[in-house]
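If you want the building blocks of each chain, they are given just below.
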Amino acid sequence: THGSAKQFDDWGQLIREATPLLYAKILAIKNNPKLTPTEIATQVANVWSDQSLRHFYDNTTGLLILNIDIVPDSGDILNPAKTFYYYNLDRRPVLTVGPKGQATQTTSDPIFDKPTSQTRYETGINVAGLTGGFITPAVTALITPNAMLDQTDQYEYDRAGNEEKHTDAEGYVTKNHTD
């Protein structure tokens, strides 16, 4: 069997996740008869704080602003992969920046709060100094569009908010019909 575990904060927001392999490591620590209860507690706490998938939220808005990816045993816990999330003033996601600076900009439908377009930029941005949160002109200025290499998906919705049409970056169209 494969188990996993999650931790939540006082507001019910997901703050840490242990995937099946990480959860197996936690169970191995807990079931190690050579460790004292204090050693078990310390080692398990270290796994959760240093190696789990961690989610960080803005203290004021409650918006997800940062994910820190799982760090394997051989990984560098001081330099984990981070993904930053930015929002407009309506609290809709507008930009995601991945660990290597890969940026995806989203435009949302104002009624259904679903994406009408998503552009994945070919040119990455420098992640130094990024924090996540509300989008600012300074963050937007980091994006370098390249019309020849950027990839944009387009979405259309019916009056009930169901996806009617998706056009991918290569121009392929998927039409959906709902009754």
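Residues numbered from 1 in each chain as written. Predicted model: local features only at pLDDT ≥ 70, side-chain atom pairs only at ≥ 80, totals over all residues. Heavy atoms only, no water.

Here we take up the nonpolar core. If you look at the biggest cluster of nonpolar residues, it comprises 14 residues, and the most contacted ones within it are Leu 66, Phe 84, Tyr 86, Leu 95, Val 97 and Leu 130. For this core, the secondary structure elements donating two or more residues are β4 (64-68), β5 (82-87) and β6 (93-97). Not counting the four nearest positions on each side in its chain, Tyr 86 is found in contact with Arg 92, Pro 93, Val 94, Leu 95, Leu 130, Thr 131, Gly 132, Gly 133, Phe 134, Ile 135 and Val 139. Core analysis: the next-biggest nonpolar cluster, separate from the first, contains ten residues, Leu 22, Ile 29, Ile 40 and Trp 48 among them. (Core = buried A, V, L, I, M, F, W, Y, C linked by side-chain atoms within 4.5 Å. Buried < 20%, exposed > 50% of the residue type's maximum accessible area, 1.4 Å probe, protein only. Helix = DSSP H or I, 4+ residues; strand = E, 2+ residues; numbered from the N terminus. Contact = heavy atoms within 4.5 Å.)

One way to put it is that helix α1 (residues 20-30) packs onto helix α2 (residues 37-50) with a least axis distance of 9 Å and a crossing angle of 170°. Comparing their axes, α2 and α1 come out roughly antiparallel. Along its contact with α1, which presents Leu 22, Lys 25, Ile 26, Ile 29 and Lys 30, the element α2 presents Ile 40, Gln 43, Val 44, Val 47 and Trp 48. Looking at the contact of α1 with α2 residue by residue, the class counts come to seven nonpolar, one polar and two charged. (Axes fitted to C-alpha atoms, helices over the stretch in contact; angles between N-to-C directions. Parallel < 35°, antiparallel > 145°, perpendicular 65-115°, else oblique. Nonpolar A, V, L, I, M, F, W, Y, C, P; charged D, E, K, R; others polar.)

This part takes up the environment of His 55. Along the polypeptide, His 55 turns up in strand β3 (residues 53-57). Spatially, the C-alpha atoms of His 55 and Ile 135 are 19 Å apart, while their sequence positions differ by 80 residues. What His 55 contacts, discounting residues up to four positions off in sequence, is Leu 14, Ile 15, Arg 16, Glu 17, Leu 64, Leu 66 and Asn 67. A polar contact is formed between the side chain of His 55 and the side chain of Glu 17, at a distance of 2.6 Å. A distance of 2.6 Å separates a polar atom in the side chain of His 55 from a polar atom in the side chain of Asn 67. (Polar contact = N/O pair within 3.5 Å; in protein donor to acceptor, adjacent residues only side chain to side chain.)

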